[in-house]
Amino acid sequence: MNGLQMIQLMAWWYDWGALLAALLSIGAAAWVYLDSQQSAGGPDPTTWRMLTIGGAVLVLPSLFLKFGNPLELVAGVLTGMGNVPLFFYLGFAGLVAALIGAIGYYTRRDQVGPGVEDETVTYRPSLPSTDMRTDPVTPITPAPLSKRLDPTRVIDDSVPVMGTLLVARGNQKGRHYKLGAGKNTVGRDGAGCNIVLDDDSVSKQHAQINYENGQFRLYDLASRNHTYVNGELLTRNGQMLLDDDEIKVGDTVFVFKTPRRRS
């Protein structure tokens, strides 16, 4: 690159390039920081935070020079002396660093962090042994869309239901799902889930509801959009479910119900 081209490039940078770079780098740093704060179990975001924040800091001197001293700016662009070329190189490097940090974080944000897989396995309950004189676990089959669950309806004793999920909001509103004594996986993957949702905001395997010690416990499976219970972010340790708890996965909201037996 010859001297004339370098002058043109620095003139473009200080004309509006530095402002654009500042907006991009600060936006990238804010997004990575806020999104990683809400993530419940994923790769360590420290490296990506440092790249984006450091990149934003390197762009700022160019911005200060652009609005601070116009005469020094013009002289520096024409002569290639002073802080003008130095701040140009720093700012350009900062923009590249911020973009690398944002792209790197985005490509790895859905990966399960260390220990999450082991933790999920630890909480998987054992199904009743075959020699126990109990009814077999009934496979969970979604009810037809035409069937609507009456919240006051008494669940019949002939159906071995341990719990029920009623879709309160979402494109499958009114549908209900039976929860058995094993693990109940919620997601879009028809092969890997027994509660399958037609919701693009839901991960392939989004959450899991396990029956443990006579109660249902909900876990998030490192989903992209996370899982919420009564408006609170579900942590990686999971949460016991109580009657009428609201569970939000993607854009779908369930109401958890425990069965009421006929007296």
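Remember, predicted model here, so these are calculated numbers, not experimental data.

A. The overall build of the protein chain, seen in detail. Tallying secondary structure elements over the protein chain gives five helices and eleven strands in all. For the protein chain, long-range pairs separated by at least 24 residues make up 57% of all intrachain contacts whose partners lie at least 6 apart in sequence. Just so you have it, the protein chain exposes about 14,900 Å², and 59% of that area is on carbon and sulfur atoms.

B. Spotlight on the pairing of strand E11 (residues 252-257). Of all six residues making up E11, five are buried, and the element is well covered by its neighbours. Relative to E11, strand E1 (residues 163-169) runs antiparallel, the two sharing five bridges. Bridge assignment links Thr164 to a residue of E11, and that residue is Lys257. By the bridge criterion, four bridges tie strand E10 (residues 246-249) to E11 in an arrangement that is antiparallel. Each residue of the ladder has a partner; that of Lys248, found in E11, is Val253. Hairpin connection from E10 to E11: two residues lie between these consecutive antiparallel strands, with Gly250 at a positive phi of about 60°.

C. How the structure looks around the pattern of salt bridges. Following the criterion strictly, the structure yields one salt bridge and no others. Residue Asp244 is joined to Lys257 by a salt bridge in which the shortest nitrogen-to-oxygen separation is 2.6 Å. Highlighted residues: Asp244 in the loop between strand E9 (239-240) and E10 and Lys257 in strand E11, separated in sequence by 13 residues. A residue is classified by how much of its surface remains accessible, and Lys257, at 21% relative accessible area, is partly exposed.

D. Representation of the pairing of strand E6 (residues 215-220). Counting buried residues along E6, five of its six residues qualify, which places the element largely inside the surrounding structure. Pairing geometry for strand E5 (residues 207-212) and E6, over six bridges, is antiparallel. Each bridged residue has a counterpart across the sheet, and for Asn210 the counterpart in E6 is Arg217. Counted between consecutive antiparallel strands, the loop separating E5 from E6 contains two residues, among which Asn213 sits at a positive phi close to 55°. Across two bridges, the pairing between E6 and E9 is antiparallel. Residue pairing across strands places Arg217 opposite Met240, the latter belonging to E9.

E. The sheet that holds E9, seen in detail. Read across the sheet, five strands follow the order E4-E3-E5-E6-E9 without closing on themselves; strand pairing throughout is mixed. Single-partner strands in this sheet number two, and they are strand E4 (195-196) and E9. One ladder, built from two bridges, connects strand E3 (residues 183-187) with E4; its direction is parallel. If you follow Gly187 over to E4, its bridge partner there is Val196.

F. Representation of the nonpolar core in the model. Ranked by internal contacts, the top residues of the largest apolar core, which has 19 residues, are Leu165, Leu218, Ile247, Val249 and Phe254. Elements represented by at least two residues in this core include exactly E1, strand E2 (176-179), E5, E6, E10 and E11. For Leu165, the contacting residues outside a window of four places in its chain are Arg175, His176, Tyr177, Leu179, Ile195, Ile209, Ile247, Phe254, Val255 and Phe256. One finds Trp13, Leu63, Leu65 and Val84 within the second-largest nonpolar core, a separate group that totals 13 residues.

G. Focus on the sheet that holds strand E7 (residues 227-229). Spatially, E2-E1-E11-E10-E7-E8 is the arrangement adopted by the six strands of the open sheet, whose pairing is antiparallel. One side of each edge strand has no neighbouring strand; the edge strands of this open sheet are E2 and strand E8 (232-233).

H. Representation of the side chain of Ser25. If you trace the backbone, Ser25 turns up in helix H1 (residues 3-38). A distance of 2.8 Å separates a polar side-chain atom of Ser25 from the backbone oxygen of Ala21. If we skip the residues at most four places from it in the chain, Ser25 touches Thr52, Gly55, Ala56, Val59 and Ala98.

Cut-offs used in this document
Position labels on residues start from 1 in each chain and follow its written sequence. Under the rules for a predicted model, residues below a pLDDT of 70 receive no local features and side-chain atom pairs below 80 are neither given nor counted, while totals for whole chains, interfaces and linings still include all residues. As a convention, hydrogens and water are excluded, and side-chain values are obtained from all of the structure's heavy atoms. The numbering of helices and of strands both runs from the N terminus, where a helix is a DSSP run of H or I of at least 4 residues and a strand a run of E of at least 2. We call two residues in contact when some of their heavy atoms are within 4.5 Å. Surface accessibility follows the Shrake-Rupley procedure with a 1.4 Å probe radius. Residue values consider only the protein chains on display as shielding. Throughout, exposure labels follow a simple rule: accessible area from a 1.4 Å probe, protein chains only, divided by the maximum for the residue type, with under 20% read as buried, over 50% as exposed, and the rest as partly exposed. At least two bridges found by DSSP between two strands are what make those strands a pair. Within this document, salt bridges are pairs made up of a side-chain nitrogen of Lys or Arg and a carboxyl oxygen of Asp or Glu, the two lying within 4 Å of each other. What we call a nonpolar core is a set of buried Ala, Val, Leu, Ile, Met, Phe, Trp, Tyr and Cys residues that are connected through their side-chain atoms within 4.5 Å. Residues adjacent in sequence count toward polar contacts only when both atoms are side-chain atoms; beyond that, a polar contact is any pair of N or O atoms within 3.5 Å, and within protein one must be able to donate a hydrogen and the other to accept it.

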